[in-house]
Amino acid sequence: IDLYYQHRIDRSVPMAEVADTVARLMQEGKVKHWGVSELDARHIREAHAVCPLTAVESEYHLMFRKPEQEIFPTLQELGIGMVAYSPLWRGYFGNTLTEYSDLNTNDIRGSWPQFTPEAIRANTRIVEALTAFGKTRGMTTAQVALSWMLHKFPFVVPLFGTTKFAHLEEDLHSVDFSLSVEDIRQIEEAVSAYPVVGERYDAFNQAKVEY
């Protein structure tokens, strides 16, 4: 396995024990690299001290930037890569969500506070601000969000997903654009004018459903 993840911490098992187990798997040739998901800085250090981590995965995008303060300094110090899941804010920055979107039929987002019709209606202001910035530069909303991430922190790898080939091409072309420090400032200033409506989903307990 090229990259073996522990998706969420098992609070009943010390991280050192998990890391030691993965180290043995590496010695046996079953795993090349390993990573963890949604861990704080303390647990990252505990794991890395036993068996060096290659990647840490966390939700990260323009409207959820807590990892910048909580774990990015640790990752940069230890030389660990960052994999950002939901870089397009779970579809918001794809510019296709509306308050009338059906998120209650075979879509887990419908049970999350940020995806109620009321929240989507309010949060659309954020998407519109990002879209307006992109129009002046020939970029889609998704491309602005991904380019912002790639230019601000080069050690971050956006983990985006799509069911449409056209969207895949759109997202991949994010690397064709160049953003200046001033562009990044303008983007952050534009979206910060509107507070996010709705709490973030429960990343720890939701993992029991997702994985």
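Right above here is the structure, for reference.
Not measured: the values here are computed from a predicted model. (Residues numbered from 1 in each chain as written. Predicted model: local features only at pLDDT ≥ 70, side-chain atom pairs only at ≥ 80, totals over all residues. Heavy atoms only, no water.)

## So, the overall build of the chain
When its secondary structure is counted, the chain shows nine helices and five strands. Reading the chain from its N terminus to its C terminus gives the helix and strand order β-α-β-α-β-α-α-β-α-α-β-α-α-α. The C-alpha radius of gyration computed for the chain amounts to 18 Å, which stays within 12% of the reference 17 Å derived for 211 residues, consistent with globular compactness. A principal-axis box enclosing the C-alpha atoms of the chain has dimensions of 50 × 40 × 30 Å. Sorting the 211 residues of the chain into buried and exposed places 44% on the buried side. At a minimum sequence separation of 6, the contacts of the chain that also span at least 24 residues come to 72%. As displayed, the chain offers around 11100 Å² of accessible surface, 54% of which is attributable to carbon and sulfur atoms. If you average the places of the 20 positive and of the 29 negative side-chain charges in the chain, the two averages end up 1 Å apart. (Helix = DSSP H or I, 4+ residues; strand = E, 2+ residues; numbered from the N terminus. Rg over C-alpha atoms; globule rule 2.2 N^0.38 Å. Buried < 20%, exposed > 50% of the residue type's maximum accessible area, 1.4 Å probe, protein only. Contact = heavy atoms within 4.5 Å. Areas by Shrake-Rupley, 256 points an atom, 1.4 Å probe, with all protein chains shown as cover. Lys, Arg positive; Asp, Glu negative; His and termini not counted. Charge placed at Lys NZ, Arg CZ, Asp CG, Glu CD.)

## Quick notes on the sheet that holds strand S3 (residues 55-59)
The parallel open sheet is built from five strands, whose spatial order is S1-S2-S3-S4-S5. Either end of the sheet is taken by a strand with one partner, and the two such strands are strand S1 (3-7) and strand S5 (156-159). Recorded for the sheet is a direction-independent mean angle of 25° between the axes of neighbouring strands. As defined by bridge partners, strand S4 (residues 81-85) adjoins S5 across four bridges and the pair is classed as parallel. Its bridge partner lying in S5, Val83 is registered against Val157. Running over the sheet, helix H6 (residues 141-152) touches S4 and S5 and is turned about 160° from S5. (Pairing = 2+ DSSP bridges. Axes fitted to C-alpha atoms, helices over the stretch in contact; angles between N-to-C directions.)

## Concerning the packing of helix H5 (residues 117-135) against H6
For the pair H5 and H6, the least separation of the axes is 8 Å and the interaxial angle reads 90°. Considering the angle they form, H5 stands roughly perpendicular to H6. Along the contact surface, H5 presents Val127, Leu130, Thr131, Phe133 and Gly134, while H6 presents Thr141, Val144 and Ala145. Across the contact of H5 with H6, the residue classes tally to five nonpolar, three polar and no charged. (Parallel < 35°, antiparallel > 145°, perpendicular 65-115°, else oblique. Nonpolar A, V, L, I, M, F, W, Y, C, P; charged D, E, K, R; others polar.)

## Remarks on the pattern of salt bridges
Oppositely charged side chains can pair when the atoms bearing their charge come close. All told, the structure shown has 16 salt bridges when counted by the stated rule. Across the pair Arg42 and Glu46 runs a salt bridge, and its minimum N-O distance is 2.9 Å. In this pair, Arg42 and Glu46 are both assigned in helix H2 (residues 41-50), four residues apart and thus about one turn of the helix distant. Residue Glu46 is classed as partly exposed on the basis of its relative accessible area of 33%. The partner of Asp107 in a salt bridge is Arg109, with the nearest N and O atoms 2.7 Å apart. (Salt bridge = Lys/Arg side-chain N within 4 Å of Asp/Glu carboxyl O.)

## Concerning the environment of Asn95
Tracing the backbone shows Asn95 in the loop between S4 and H5. Judged by its relative accessible area of 43%, Asn95 falls in the partly exposed class. Contact partners of Asn95, with chain neighbours within four places excluded, come to Val127, Thr131 and Thr141. At 3.2 Å, the side chain of Asn95 and the side chain of Thr131 are in polar contact. (Polar contact = N/O pair within 3.5 Å; in protein donor to acceptor, adjacent residues only side chain to side chain.)

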